[in-house]
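Read off the chains here:
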2 protein chains.
Amino acid sequence: MKMRVEIEFCMQCHWLLRAAWMAQELIGTFPDDLAEVALKPGSGGVFRVRVGDQLIVDRKRDGGFPDLTALKRKVRDCVDPERSLGHIDRGD
Amino acid sequence: MKMRVEIEFCMQCHWLLRAAWMAQELIGTFPDDLAEVALKPGSGGVFRVRVGDQLIVDRKRDGGFPDLTALKRKVRDCVDPERSLGHIDRGD
């Protein structure tokens, strides 16, 4: 079953571009696994990523933003834990 | 009630960037009216935009892509028909 990703971001913090960039990267990396990636405007410094019901990123909880590599690993762990992400997993 | 927008686009046609650009433009113009804008990868030359259940753009039905001004007008007509979009409505 294809999964939904939701990226909730603070508009006042001007994180729209960051969120949209991450959305594009995730769709490009997981085109057959994601039903959709939703950009959800929020406020109050929120930056959260959910895969299905699972909260994989929370800026406040995690103490900062994930880098893109870490984000892709987390999404991969939700959609297909066995899959290799190539250079992302090798770190080259 | 805030509305959901869905942009369904053909991955094989490389319309991800176009869809993500439109998503950002819509969130920037209607930050308080949209619950979310979802990017939905599709195939077969599909390019559709829905506001709630309403299909406001269908590339095949409409004979092409909407320009951004027309798209914003259509979204405005769904979320708040009385609102002026300023220079978009004046055409200046």
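So, a few notes on the structure that sits alongside this text. Here the structure is a predicted model, which is why all the values come from computation and not from measurement. (Residues numbered from 1 in each chain as written. Chains lettered and ligands numbered in written order. Predicted model: local features only at pLDDT ≥ 70, side-chain atom pairs only at ≥ 80, totals over all residues. Heavy atoms only, no water.)

Describing the interface of chain A and chain B
Of the residues lining the interface, 20 residues belong to chain A; the matching set on chain B comes to 20 residues. Considering only the side of chain A, the residues that lose the most area to chain B are Gln24, Ile27 and Leu39 of chain A, jointly responsible for 33% of the buried surface there. Where chain A touches chain B, the interface holds two salt bridges. Note that Arg4 of chain A is salt-bridged to Glu36 of chain B, the shortest N-O span being 2.7 Å. Seen at the junction of chain A and chain B, the total is four residue pairs in polar contact (both at pLDDT 80 or more). Looking at the side of chain A that touches chain B, the elements with two or more residues in it are strand E1 (3–10), helix H1 (16–29) and strand E2 (34–42) of chain A. Among the elements that make up the side of chain A that touches chain B, the one with the highest residue count is E2 of chain A (eight residues). Each residue belonging to the side of chain A that touches chain B can be placed in one class, and the counts come to 14 nonpolar, two polar and four charged. (Contact = heavy atoms within 4.5 Å. Buried area = accessible area lost by both parts, 1.4 Å probe. Salt bridge = Lys/Arg side-chain N within 4 Å of Asp/Glu carboxyl O. Polar contact = N/O pair within 3.5 Å; in protein donor to acceptor, adjacent residues only side chain to side chain. Helix = DSSP H or I, 4+ residues; strand = E, 2+ residues; numbered from the N terminus. Nonpolar A, V, L, I, M, F, W, Y, C, P; charged D, E, K, R; others polar.)

Considering the pairing of strand E3 (residues 47–51) of chain A
All names here are of chain A. What you see with E3 is a clean split: Phe47, Val49 and Val51 sit on the buried side and Arg48 and Arg50 on the side with no burial. Relative to E3, E1 runs antiparallel, the two being bridged by five bridges. In the sheet register, Val5 faces E3, and the bridge partner there is Val51. Hairpin connection, E3 to strand E4 (residues 54–58): the antiparallel pair is bridged by two residues, and Gly52 has positive phi, about 60°. (Buried < 20%, exposed > 50% of the residue type's maximum accessible area, 1.4 Å probe, protein only. Pairing = 2+ DSSP bridges.)

Description of the packing of aromatic side chains
All told, the structure shown has six aromatic pairs over all chains when counted by the stated rule. Taking the centre distance of 4.8 Å and the plane angle of 90° together, the rings of Trp15 of chain B and Phe65 of chain B count as edge-to-face. Taken together, the residues span a long stretch of sequence, with Trp15 of chain B in the loop between strand E1 (3–10) and helix H1 (16–29) and Phe65 of chain B in the loop between helix H2 (59–62) and helix H3 (68–79) at a distance of 50 residues. On the basis of relative accessibility, which here comes to 12%, the residue Trp15 of chain B falls in the buried class. On the accessibility criterion, Phe65 of chain B (28% relative accessible area) is partly exposed. Among the aromatic residues, ring-to-ring pairing joins Trp15, Phe47 and Phe65 of chain A into one connected group. Residue placement shows Arg18 of chain A over the ring face of Phe65 of chain A; its charged tip is 3.7 Å from the ring centre. (Phe/Tyr/Trp six-rings, centres within 6.5 Å; stacked < 30°, edge-to-face > 60°. Lys NZ or Arg CZ within 6 Å of the ring centre and 35° of its normal.)

Everything listed here is a matter of geometry and, on its own, says nothing about what the molecule does.
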